[in-house]
Amino acid sequence: MLMFSVFMVYAQVEKPIDTAKTLYFIDGDTIPVSEIALEPVYVFQPLRFKDRKERVQYYILKRKTIKVYPYAKLAAERLVSLNERLGQIESKRKRKKYTKMLQQYMEEEFTEELKKLTRTEGQILVKLIHRQTGITTFDLVKDLRSGWRAFWYNTTASMFDISLKEEYHPESNHEDYLIEDILQRAFAVNRIPRQPSVLDFDYATLTNKWTNRQ
């Protein structure tokens, strides 16, 4: 099984001095507290694999994850945009019209690209959509269209061994954890734009958990 570890570190912050505007000393510089927005910095250890097969499997998963992540990120952004806009529209008829317009935009822009995805890429995308939105693809379709269409889409997807009800659980599913590891490493080198998950989990804690299980 894949073996690796991760450390989470923060910039060193000393005790603030008593001034009208609280200041921090960081690496010799005095900085107003209002200007500090520290993000966790992960120091990744080299990946270790038990054999060549495991290495190949990991890099295949990596390629597929990086490929479909932008679609999941877009789905989350569109969902936020939709909800914000709908909150400003009082008319039921206008809300329905706006939702349909957004659906058509998404379908026209990405349907052909999504058709090119393999079965495993499609399933990873479903999981990532849940990571980014907290909602399954099935429920997104159900909310934006109808329960019947959601059922039909899920049945069709099942014919290709894809479940639109699949959720993302890196705390209990090892492949999901590997996907999270791939994302975090890609975020760290700016290979893909970072978009935090709406799900409640901590990557460093997950890494320690999975490492200790091996």
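Right above here is the structure, for reference.
Residues numbered from 1 in each chain as written. Predicted model: local features only at pLDDT ≥ 70, side-chain atom pairs only at ≥ 80, totals over all residues. Heavy atoms only, no water.

Moving on: a positive patch on the surface. A grouping of R85, R93, K94 and K97 is seen on the molecular surface, where their side chains present a positively charged patch. Here the element with the most residues in the positive patch is helix α2 (residues 92-115); it accounts for 3 residues. Note that K97 resides in helix α2. According to the relative accessible area criterion, K97 is exposed, its value standing at 59%. (Patch = residues over 30% accessible without salt bridge, like charges linked within 9 Å, V, L, I, M, F, W, Y side chains within 5 Å. Areas by Shrake-Rupley, 256 points an atom, 1.4 Å probe, with all protein chains shown as cover. Salt bridge = Lys/Arg side-chain N within 4 Å of Asp/Glu carboxyl O. Lys, Arg positive; Asp, Glu negative; His and termini not counted. Charge placed at Lys NZ, Arg CZ, Asp CG, Glu CD. Helix = DSSP H or I, 4+ residues; strand = E, 2+ residues; numbered from the N terminus. Buried < 20%, exposed > 50% of the residue type's maximum accessible area, 1.4 Å probe, protein only.)

Glancing now at the nonpolar core. Counting 28 residues, the largest nonpolar core has L125, L128, I179, L183 and I192 as its most contacted members. If you list the elements that add at least two residues to this core, you get α1 (52-86), α3 (119-133), α6 (174-188) and α7 (203-213). The greatest single-element share of this core, amounting to 9 residues, is contributed by α1. Apart from residues lying up to four places away in sequence, L128 is in contact with T65, V68, Y69, A72, Y168, I179 and L183. Counting 7 residues, the second-largest nonpolar core is a separate cluster that includes V141, A157, I162 and L164. (Core = buried A, V, L, I, M, F, W, Y, C linked by side-chain atoms within 4.5 Å. Contact = heavy atoms within 4.5 Å.)

Moving on, we come to a nonpolar patch on the surface. Side chains of F151, W152 and Y153 sit close together on the surface and give an oily, nonpolar patch of about 320 Å² of accessible area. Take W152: it is sitting in helix α5 (residues 147-158). With a relative accessible area of 48%, W152 lands in the partly exposed category.

Turning to the packing of α6 against α7, a few remarks are in order. Relative orientation of the contacting elements α6 and α7 amounts to 130°, with a least axis distance of 11 Å. With respect to α7, the axis of α6 lies oblique. The handedness of the crossing between α6 and α7 comes out as left-handed. For the pair α6 and α7, the contacting residues are H174, Y177, E180, D181 and Q184 in the first and Y203, L206, T207 and W210 in the second. (Axes fitted to C-alpha atoms, helices over the stretch in contact; angles between N-to-C directions. Parallel < 35°, antiparallel > 145°, perpendicular 65-115°, else oblique. Left-handed = near helix turned anticlockwise from the far one by under 90°.)

For the rest of this paragraph, the subject is the pattern of salt bridges. Pairs can form between side chains of opposite charge whenever their charged atoms are close. For the structure on display, the rule yields 8 salt bridges. When the shortest N-O distance is used, the salt bridge between E77 and K73 registers 2.4 Å. With E77 and K73 both in helix α1 and 4 residues apart, this pair spans about one turn of that helix. With relative accessibility at 32%, the residue E77 sits in the partly exposed group. Residue K73 is classed as buried on the basis of its relative accessible area of 16%.

Here the focus is the packing of α1 against α3. One can describe the packing of α1 onto α3 by two numbers: an axis separation of 8 Å at closest approach and a directional angle of 45°. Our classification of the angle between α1 and α3 gives oblique. Seen along the crossing, α1 lies across α3 with a hand that is right-handed. Of the residues belonging to the contact of α1 with α3, the class tally is 12 nonpolar, 4 polar and 5 charged. (Nonpolar A, V, L, I, M, F, W, Y, C, P; charged D, E, K, R; others polar.)

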